[in-house]
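Summary of structural features
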Amino acid sequence: MTGAARYTGDALKPGLLHASLAVSPHAHARILSIDTSAARSIPGVRAVVTGEDFPVLTGSPLEDRPPLAIDKVRYFGEPVAVVVADAEYIAEMAALQVRVEYEMLPLVQSPLEAYKPGAPLIHERLAEYRRYEEVYPEPGTNVASRNRIRKGNMEEGWCRSIHTIEVRVSLPQSDHAAMEPRCSTAELLPDGKAVIHSASQSPYIIRSQINRYFHIPLQQIIVHTPLVGGGFGGKAAVQLEFLAFLASRAVGGKAVKLVNSRERDMVSSPVHIGLESRVKLGCTADGKIAAAEITHWYDGGAYSDRGPIMSKAGASDCSGPYRIDNLQCDSLCMYTNHPYSTSFRGFGHPELTFAIERAMDVMAARLNMDPLEFRFLNAIGPGDTTPTQTLLDRSTVGNLPMCIAKLKDMIRWDERPLMEAKGRFVKARGVCCLWKNSNTPADAGAGAVIIFNADGSVNLLCGAVEIGQGTRTSLTQMAAERLRMDVHNVSISTDVNTETEPQLWKTVASRSTFLVGNAILAAADDAIVQLKNTAARVLRLPPAELEVGGGRVYSKRDPGTGIEIAKIALGYKLPGGGTIGSQIIGRGSYAMRDIKELDPMTGKGKPGPEWTVGAQMVEVELDTRDFSYRILQAATVIDAGKVINPVFARGQITGGMSMGLGLASREAFAFNEEAKVLNPQFRTYHMLRYGEQPTYFVDFVETPNAEAPFGLRGIGEHGVIGMPAALANALSTATGIPLNRLPLTPERIWRTVHDTI
Amino acid sequence: MIPFDFEYYRPSSVKEAVDTFQALQAQGKHPMYWSGGTEIITMARLNHIRPGAVVDLKAIPECSVMEFRGHELIIGGCVTLSAVTGANLFPLLGRAAQGVADQTSRNKITLGGNVCGRIHYREAVLPLLVANSRLVIAGKGGVREAAIHEVFRGQIRLEPGEFLLQTMTDREYVSLPSVHVKKRQIGHVGYPLVTMVALKKGNRIRAAFSGVCGFPFRSAAIEQVLNTAGLSAEERARQAAGQLPAPPLTNAEGMADYRLFLFKQTVKDAITALEGR
């Protein structure tokens, strides 16, 4: 800890102007008029921009969102105007003076309410919205997208089912709660360039979106992303960047900064998606799952953003990591009058896993079977097919049975009962398995450049954003490993600049080490070829007989014969003048292969290159008098393919578990009957704090993924995924009552126990 | 960010503070007294209050006192909650203070600010209520003393321009058997669903509550129930719930029926704990 890190909002610049948002106090209302005259009359105010100034819809995959509301507002906190002023407090003061007249519209408060026939329509012109990627809206309803899975023969599946159970679950929308609130600055230079600084996980998407909506050529848009103070998916969306751009444009291109207050960051900017779900499971007498029918209604909020891709993930991985041959799923992204949602760590999986894993526990109890044993018996593996009918092999699916076995050992599962009561306290354990595919676009890719310096050291250029996950460090390790050089001789900056670093699709989906890692290996190989070519001419040996390592290029047969890289990195100077070769610059790139879009009617396709599988456990101690509880232990065993940096890997899994336990136990937006968020502050929005953390256990299985650098699998999100289900399973065991709604506050448990009685 | 300009004054004597406040009042600046400042910042950020001026009391020597003088424990209004807990001169007050907010905030929040605050809970007042503390109040007429029950009824009721200078607590109360319980929605930081502070003087239990209703209170009716001989602790808790001075609170932290459930449990436990001592 040095305090040396600088976030986007920390940068000072002479003449910088400040923007502030006027936001809607209503969740669904027609805008009758907007009066900006009082705001404009405040000294120091430079401009006020409203939706009329930029009547364009944005969004990906579905263009449904005006950056500033037009005609109506659809959620509490929706931006309706942006004020630009000389100082931040003036901008804020003026934003409060933007007078908007509203006419209330009927509200839609939950995804199931949104799905009811005759529900108020949130987007009347859904049919007209432009679409990119895979998105299947149903105009005339509140369905922003629907994906279907139709696999096997349901009738046969139900016929073979001796036991059937049904579970309904719900989890609420919540916040990403990154330490650094979102912040963007924009400046439009006289030469036509647009310069954006943003706390973002997708600098290259900002560039393409600014290009799409403001028609500035790509090469003229420069996006800088310094170290980002946590993202968790929330900073993958493009929102403030449009507003900062509009603000700058309104003041002749001067640099304008827009930074979210915590309240705005929690509600006006996109949030973590919610879910209501119904799972029916059928099982044979010997405990094999024979059929499953699943419906997910994701609470996408007022605009869809990445919601349709998350609901697609909700379909493609709906079964959890289990072999289910007869499977039907409808996964819907619903519009509601809640804040709009975007990607959140786990991307639809913590939600779908909560649904399927609660059902798994209920079924295990019905069968009177050990819940881990039941999961082991049904674990998916090579030769099985996924809900999208992808045939799996060892490389694509890894080894879930091994994860379960290792988890069992690690937590001494067999040595203690599921539940132990001691006076008023009950200790109980809950388990869960997980899997995740990345649901990236078919053309997601990355590039990398390795530049050699005169002393043989290298600088690594790539587009992966450092958001605290340590990716950029892991990437230097990969480069050093391939070049067989000391990692201290590989340097990488913490900033990403789209003008100098080759593109990476986005820093999301646990994909950076995969995409950029592959690009780096290609760049390193390219550099090795160049090094060998130069050295071959100097040493008068064929390149094929040379090896690179330890800062030298040397003969394979006679390692004593060779030359230091420092002598050839910029070309080898001959003693009598003249040069052999020139600067070594390795370049490499990689794009996803073999991803197939899902058929909208059957779900057939391939959502990504590989699955990461894992098994998790949570142990709680419940006080049966007031239903408060302590989380004693949380454990994860994950098939990481290959662990690149053990410390970071453990950090990612542990941080994920902590976040997942927060979601499971307390994180939730509280809405009143007007769909206003009552707790957009940390004083009332509760998170897991220091002193409340359980003991964490992490271990890995390593089943290589043939497509990935060093065989690795994504692990950045996976610690989160099973925690809600594992906690709910533990508490359901402790209370003897099914707990299917998050968050699991003591009051929620008390209420469920009392309602049941 | 606070979206408006305001003036800031930092007087160094009681008289200067009162005079400054009065002058600002006369100028129509709607001044507020400032101690730790956390609530003013919180509400000003959200534009819920717009004082044109603030008068910071922290430079007034009397406001920072924390010591025994003869039979009285004197604590200045500007002593922070962390300092109250750290000094531990009145352990029950220290525990109640430690239950408020988080450590970083308690380094700013003051005893006077918490007692006089607008946010419902004001938990630091509870030990003062059960200890029959006296409040030293400064105003344009000079400094006066009053029993806490005359001035604090649900919330502080001061005359315009007055501020809480000090609290005075009889030494005999600081070491009486006592109970402090705080139940939150979840976790170790947050507003109370129920906070109960109780002490036993002679054979009588005195109790004060926060979180249950929309204001902190000590109730004669409830204390009468708590001290009814011959009734089980459970029955007394049940009857106490029938004597609440207002309907239980419902908000984002918790609903009324759950608060009531916790109230009864907490009262029952407190009776059991205190009667054994």
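Residues numbered from 1 in each chain as written. Chains lettered and ligands numbered in written order. Predicted model: local features only at pLDDT ≥ 70, side-chain atom pairs only at ≥ 80, totals over all residues. Heavy atoms only, no water.

Under an unreviewed UniProt entry, chain B has the name CO/xanthine dehydrogenase FAD-binding subunit and belongs to Paenibacillus rhizosphaerae.

Moving on, we come to the overall build of chain B. When you go through chain B residue by residue, the secondary structure sums to 11 helices and 14 strands. Relative to a compact globule of 277 residues, whose C-alpha radius of gyration would be 19 Å, chain B shows 19 Å and is just as compact. Dimensions of chain B, computed from the C-alpha atoms along their principal axes, are close to 60 × 45 × 30 Å. Within chain B, the proportion of its 277 residues that are buried is 55%. For chain B, the share of sequence-separated contacts (at least 6 apart) that also reach a separation of at least 24 residues comes to 59%. Accessible surface for chain B amounts to roughly 11300 Å². Of this, 51% is attributable to carbon and sulfur atoms. With 32 positive and 24 negative side-chain charges, chain B shows a separation of 3 Å between the mean positions of the two kinds. (Helix = DSSP H or I, 4+ residues; strand = E, 2+ residues; numbered from the N terminus. Rg over C-alpha atoms; globule rule 2.2 N^0.38 Å. Buried < 20%, exposed > 50% of the residue type's maximum accessible area, 1.4 Å probe, protein only. Contact = heavy atoms within 4.5 Å. Areas by Shrake-Rupley, 256 points an atom, 1.4 Å probe, with all protein chains shown as cover. Lys, Arg positive; Asp, Glu negative; His and termini not counted. Charge placed at Lys NZ, Arg CZ, Asp CG, Glu CD.)

Mapping A:Glu747 onto the fold places it in helix H19 (residues 746–756). A polar contact is formed between the side chain of A:Glu747 and the backbone nitrogen of B:Met255, at a distance of 3.2 Å. Every residue in contact with A:Glu747, bar those within four places of it in the chain, is listed here: B:Glu253, B:Gly254, B:Met255 and B:Tyr258. (Polar contact = N/O pair within 3.5 Å; in protein donor to acceptor, adjacent residues only side chain to side chain.)

Before going further, it helps to examine the packing of aromatic side chains. What the rule picks out here adds up to 22 aromatic pairs over all chains. Centroid distance A:Phe214 to A:Phe242: 6.3 Å. Interplanar angle 50 degrees. Geometry classified as tilted. Taken together, the residues A:Phe214 in helix H5 (residues 203–214) and A:Phe242 in helix H6 (residues 240–250) connect sequence positions 28 residues apart. A centroid spacing of 5.9 Å and a plane angle of 25 degrees characterise the contact between B:Tyr258 and B:Phe261, whose relative ring orientation is stacked. Of this pair, B:Tyr258 and B:Phe261 both sit in helix H11 (residues 256–275), separated by three residues, roughly a single helical turn. Accessibility classification places B:Tyr258 together with B:Phe261 in one group, the buried group. Taking NZ or CZ as reference, B:Arg171 lies 4.1 Å from the ring centre of B:Phe68, over its face. (Phe/Tyr/Trp six-rings, centres within 6.5 Å; stacked < 30°, edge-to-face > 60°. Lys NZ or Arg CZ within 6 Å of the ring centre and 35° of its normal.)

A few words now on the UniProt feature "domain: FAD-binding PCMH-type" (unreviewed entry) in chain B. In the numbering adopted here, UniProt assigns the feature "domain: FAD-binding PCMH-type" (unreviewed entry) to residues 1–204 of chain B. Secondary structure within residues 1–204 of chain B divides into 27% helix and 30% strand; the distance between the first and last C-alpha atoms comes to 49 Å. (UniProt positions renumbered as here; feature names shortened; annotations may be inferred.)

A cis amide bond links A:Ser60 to the next residue, A:Pro61, at an omega of 15 degrees. Its place among the elements puts A:Pro61 in the loop between strand S3 (45–50) and strand S4 (72–73). Looking along the chain, the bond that leaves A:Leu742 and enters A:Pro743 is cis, with omega of -5 degrees. With respect to the helices, strands and loops of the structure, A:Pro743 is situated in the loop between helix H18 (723–735) and H19. Its identity as a non-glycine residue notwithstanding, B:Arg122 has a phi of 45 degrees, on the positive side. For B:Arg122, the position within the fold is in the loop between helix H6 (111–116) and helix H7 (125–130). For B:Arg122, a relative accessible area of 6% corresponds to the buried category.

Moving on, we come to the sheet that holds strand S25 (residues 552–555) of chain A. Residue and element names in this part refer to chain A. The strand order across the open sheet formed by three strands is S24-S25-S26, and the pairing between neighbours is antiparallel. Looking at the sheet topology across the chains shown, the edges are occupied by strand S24 (546–549) and strand S26 (562–564). Looking at each pair of strands side by side, their axes are set apart by 15 degrees on average, direction ignored. Sheet analysis places S24 next to S25, joined by four bridges and oriented antiparallel. The partner of glycine 549 across the bridge, within S25, is arginine 552. Contacts from helix H14 (residues 512–539) reach S24, S25 and S26 within the one sheet, and its direction differs from that of S24 by about 125 degrees. (Pairing = 2+ DSSP bridges. Axes fitted to C-alpha atoms, helices over the stretch in contact; angles between N-to-C directions.)

This part covers the pairing of strand S4 (residues 66–69) of chain B. Here S4(B) pairs with strand S5 (residues 72–76) of chain B via four bridges, running antiparallel. Residue B:Glu67 lies in a different strand from S5(B), and its bridge partner there is B:Ile74.

Further remarks concern the state of the cysteines. Under the definition given, this model contains zero disulfides over all chains. Left unpaired, A:Cys329 is separated from the closest cysteine sulfur, that of A:Cys318, by 4.0 Å. Take A:Cys329: its relative accessible area is 0%, and that puts it in the buried class. B:Cys63 carries a free sulfur, and the closest cysteine sulfur to it, the one in B:Cys78, is 4.1 Å from it. Overall, the relative accessible area of 0% leaves B:Cys63 in the buried class. (Disulfide = S-S within 2.5 Å.)

All right, on to the domain arrangement of chain A then. All names here are of chain A. According to the domain assignment, chain A consists of domain 1 (8–105 + 181–228 + 235–267), domain 2 (352–440 + 607–756) and domain 3 (445–591). Here the C-alpha centroids of domain 2 and domain 3 sit 40 Å apart. Across the boundary between the two partners, domain 2 contributes 20 residues, which contact 17 residues of domain 3. For the domain 2 and domain 3 pair, buried surface summed over both sides reaches about 1400 Å², with 64% attributable to carbon and sulfur atoms. (Domains from an automatic or database assignment. Buried area = accessible area lost by both parts, 1.4 Å probe.)

On to the packing of H5(A) against H6(A), then. Residues and elements named next belong to chain A. Taken N-terminus to C-terminus, the directions of H5 and H6 make an angle of 50 degrees; their axes are 11 Å apart at the nearest point. Here H5 lies oblique to H6, going by the angle between them. As for how H5 packs across H6, the hand of that crossing is right-handed. Where H5 abuts H6, its residues Ile206, Gln209, Ile210, Tyr213 and Phe214 lie against Glu241, Phe242, Phe245, Leu246 and Arg249. A per-class count over the contact of H5 with H6 returns seven nonpolar, one polar and two charged. (Parallel < 35°, antiparallel > 145°, perpendicular 65-115°, else oblique. Left-handed = near helix turned anticlockwise from the far one by under 90°. Nonpolar A, V, L, I, M, F, W, Y, C, P; charged D, E, K, R; others polar.)

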